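Residue-level listing of the chains:
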Amino acid sequence: MSDSTQVSNRTKHKPGDPYGPGLIESIFWFLGTWGLHLFGAGLTAGVFVAIFSSSGLAWNDLIVLEFLAAHQMTLLAGEQFVFVTLVLIAAWFRLRGNLGHRLSSRPLPFQHVFLLTCLVIPLSTLSTALHQWGMRGWNSLLENVPGLHAMDTVQSMDLLQELSSTTPLWTLLLVFAIAPALGEEIIFRGVIGRGLIRRWGLVGGILLTSFLFAIAHMHPVHALAVFPIGIVLHYVYITTRSFWAPLYLHFCNNAFSIMKSTQTIPSAENWNFTAGLTITLSLMLFLSFLWITRVRYVQHDGKEWTPPRPSLELPIEIPVTLTFSSLPWRLTVGGLVPLIGFLAATAAHAQ
């Protein structure tokens, strides 16, 4: 079975259309993410200080700090709003507009949405295992280099757990799941990855982009846990040829972490060899299903067309059709067996 979507060729080809940044420019984009966060935090804090000053309260540094601490969640929301807005503007200018075409925002078929959803628990669990393994080494390192304790203050999960008891779930999802997913995906998959893959090929471009994506999370152990997530996010972007795929998976992964931190769902952090084996098998199985059902370019003569350089943009001058193969639903749903086995093994281990 297959599903096809005819590509529109109305857009005129513009000589010198941007292919995205090279390595040096990508590093500046990477550094810019921190700069935009700092700018957003400073701008939002400035607005709050102005509100505080206009309220007629006595000016006192301690009182101002207490005022800001009491509105911490609102500060974070304002900072994320500024960050995402500036990212959209910067990407629009860098890619010369038409972000829908540049990023390939084609709708996702239901089967791909199902497969992406099935990736969430395996991917998040393996990331958690890497984080636990990394923290053991990190704690040993702290014993010899106490000065590194300062880096532990930049872990967002600690802030999330602190706010979870007093903040509604929908607010946590908006600030810690939706906004970061949108802003980071535009920067790392839409802009940086776009340029690095064209220049370094699929493997080199994905690894370089994922490395920058990982260290953007600042804490070394967090970066270790995030690195494979970055690889999978780019993999699903390439196989589905839709920006909605990494955006959806990124959001779901963040939302899953939020619900674990708020104990909305049980955390499966302590798992044995059997659980590890089954969750790895589940991850590989669904990644394989995505590859089998990947979106391909097919010309009118039935031959598959491959762009001369890796790109997710729809071709303009060559009439092609977007086609993907559908797996039988019995086989697709059967892929849940290892995942169910993992959950059963985890539950048995916890008793």
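These figures come from a predicted structure and were not determined experimentally.

Cut-offs and rules
- Residues numbered from 1 in each chain as written.
- Predicted model: local features only at pLDDT ≥ 70, side-chain atom pairs only at ≥ 80, totals over all residues.
- Heavy atoms only, no water.
- Helix = DSSP H or I, 4+ residues; strand = E, 2+ residues; numbered from the N terminus.
- Buried < 20%, exposed > 50% of the residue type's maximum accessible area, 1.4 Å probe, protein only.
- Contact = heavy atoms within 4.5 Å.
- Areas by Shrake-Rupley, 256 points an atom, 1.4 Å probe, with all protein chains shown as cover.
- Expected span 1.5 Å × (residues − 1).
- Bend = angle between axes of the 7 residues up to and from the residue.
- Axes fitted to C-alpha atoms, helices over the stretch in contact; angles between N-to-C directions.
- Parallel < 35°, antiparallel > 145°, perpendicular 65-115°, else oblique.
- Left-handed = near helix turned anticlockwise from the far one by under 90°.
- Nonpolar A, V, L, I, M, F, W, Y, C, P; charged D, E, K, R; others polar.
- Phe/Tyr/Trp six-rings, centres within 6.5 Å; stacked < 30°, edge-to-face > 60°.
- Salt bridge = Lys/Arg side-chain N within 4 Å of Asp/Glu carboxyl O.
- pLDDT = per-residue confidence, 0-100.
- Core = buried A, V, L, I, M, F, W, Y, C linked by side-chain atoms within 4.5 Å.

### Re the overall build of the chain
Thinking step 1. Scanning the chain from terminus to terminus reveals twelve helices and four strands.
Thinking step 2. Taking all 351 residues of the chain together, the buried fraction comes to 46%.
Thinking step 3. Restricting to contacts in the chain with at least 6 residues of sequence separation, those with at least 24 account for 80%.
Thinking step 4. Carbon and sulfur atoms make up 68% of the accessible area of the chain, which amounts to about 17800 Å² in all.

### Some remarks on helix α8 (residues 220–240)
Thinking step 1. For α8, which comprises 21 residues, the first-to-last C-alpha distance of 31 Å matches the rise-based estimate of 30 Å (1.5 Å per residue) to within 8%.
Thinking step 2. At valine 226, α8 shows its maximal bend, which comes to roughly 30°, and the proline proline 228 appears one to four places after that position.
Thinking step 3. Taken across its 21 residues, α8 has 15 buried, putting it largely inside the fold.
Thinking step 4. Residue arginine 241 follows α8 closely and has a positive phi angle near 55°.

### Quick look at the packing of helix α5 (residues 110–144) against helix α9 (residues 244–261)
Helix-helix packing is described using two parameters, namely the angle between the two axes and the distance between the axes.
Thinking step 1. Following both chains from N to C, one finds α5 and α9 inclined at 50°, their axes separated by 9 Å at the closest point. The angle between α5 and α9 places the two elements in the oblique class. Of the two elements, α5 crosses α9, and the hand of that crossing is right-handed. On the side of α5, the interface is formed by Val113, Leu116, Thr117, Leu119, Val120, Ile121, Leu123, Ser124 and Thr128, while α9 contributes Ala245, Tyr248, Leu249, Cys252, Asn253, Phe256, Ser257 and Lys260.
Thinking step 2. Among the residues making up the contact of α5 with α9, the classes are represented as eleven nonpolar, five polar and one charged.

### Overview of unusual backbone geometry
Thinking step 1. Backbone geometry at methionine 218 places phi at a positive 75°, although glycine is not the residue there.
Thinking step 2. Counting through the fold element by element, methionine 218 comes out in the loop between α7 (169–215) and α8.
Thinking step 3. On the accessibility criterion, methionine 218 (42% relative accessible area) is partly exposed.
Thinking step 4. One non-glycine residue, arginine 241, adopts positive backbone phi at about 55°.

### A short note on the packing of aromatic side chains
Thinking step 1. Applying the stated criterion across every chain, the model contains five aromatic pairs.
Thinking step 2. With 5.1 Å between their ring centres and 55° between their planes, phenylalanine 30 and tryptophan 34 make a pair best called tilted. On the criterion of helical spacing, the pair formed by phenylalanine 30 and tryptophan 34 is a turn pair, its members being four residues apart in helix α1 (residues 23–54).
Thinking step 3. Overall, tryptophan 34 belongs to the partly exposed group, its relative accessible area being 31%.
Thinking step 4. Ring geometry for tyrosine 237 and phenylalanine 243: centres 6.0 Å apart, planes at 70°, overall edge-to-face. Per residue, the accessibility class of tyrosine 237 equals that of phenylalanine 243, and both read buried.

### Let's talk about the pattern of salt bridges
Pairing between side chains becomes possible if they bear opposite charge and their charged atoms approach one another.
Thinking step 1. Applying the stated criterion across every chain, the model contains two salt bridges.
Thinking step 2. The residue glutamate 25 makes a salt bridge to arginine 94 at a minimum N-O spacing of 2.6 Å. Placement of glutamate 25 in helix α1 and of arginine 94 in helix α3 (residues 72–94) is noted, with a sequence separation of 69 residues between them.

### Considerations on the confidence of the model for the chain
Thinking step 1. When the pLDDT values of the chain are averaged, the result is 79; 73% of them are 70 or greater.
Thinking step 2. The weakest mean pLDDT in the chain belongs to strand β1 (residues 2–6) at 45; the strongest belongs to α8 at 93.
Thinking step 3. Between residues 1–17, whose pLDDT stays under 50, and residues either more than four places distant or in other chains, the model counts 32 contacts.

### Focus: the packing of α8 against α9
Thinking step 1. Where α8 contacts α9, the axes come no closer than 8 Å and their chain directions differ by 145°. Note on packing geometry: the crossing formed by α8 with α9 is right-handed. Contact with α8, carried on its side by Ile229, Val232, Leu233, Val236, Tyr237 and Thr240, involves Ala245, Pro246, Leu249, His250 and Asn253 of α9 and no other residues of that element.
Thinking step 2. Residues belonging to the contact of α8 with α9 are distributed by class as follows: eight nonpolar, three polar and no charged.

### What about the nonpolar core?
Thinking step 1. Ranked by internal contacts, the top residues of the largest apolar core, which has 45 residues, are Leu119, Ile187, Phe188, Ile192, Val236 and Leu249.
Thinking step 2. Elements represented by at least two residues in this core include exactly α1, α3, α4 (99–103), α5, α7, α8, α9 and α10 (273–292).
Thinking step 3. For this core, the leading source of residues is α7, giving ten residues.
Thinking step 4. With residues up to four places along the chain from it excluded, the contact list for leucine 119 reads Val236, Leu249, Leu283, Phe286, Leu287 and Leu290.
Thinking step 5. Of all hydrophobic cores here, the second largest spans nine residues; its members include Leu76, Leu172, Phe176 and Ala255.

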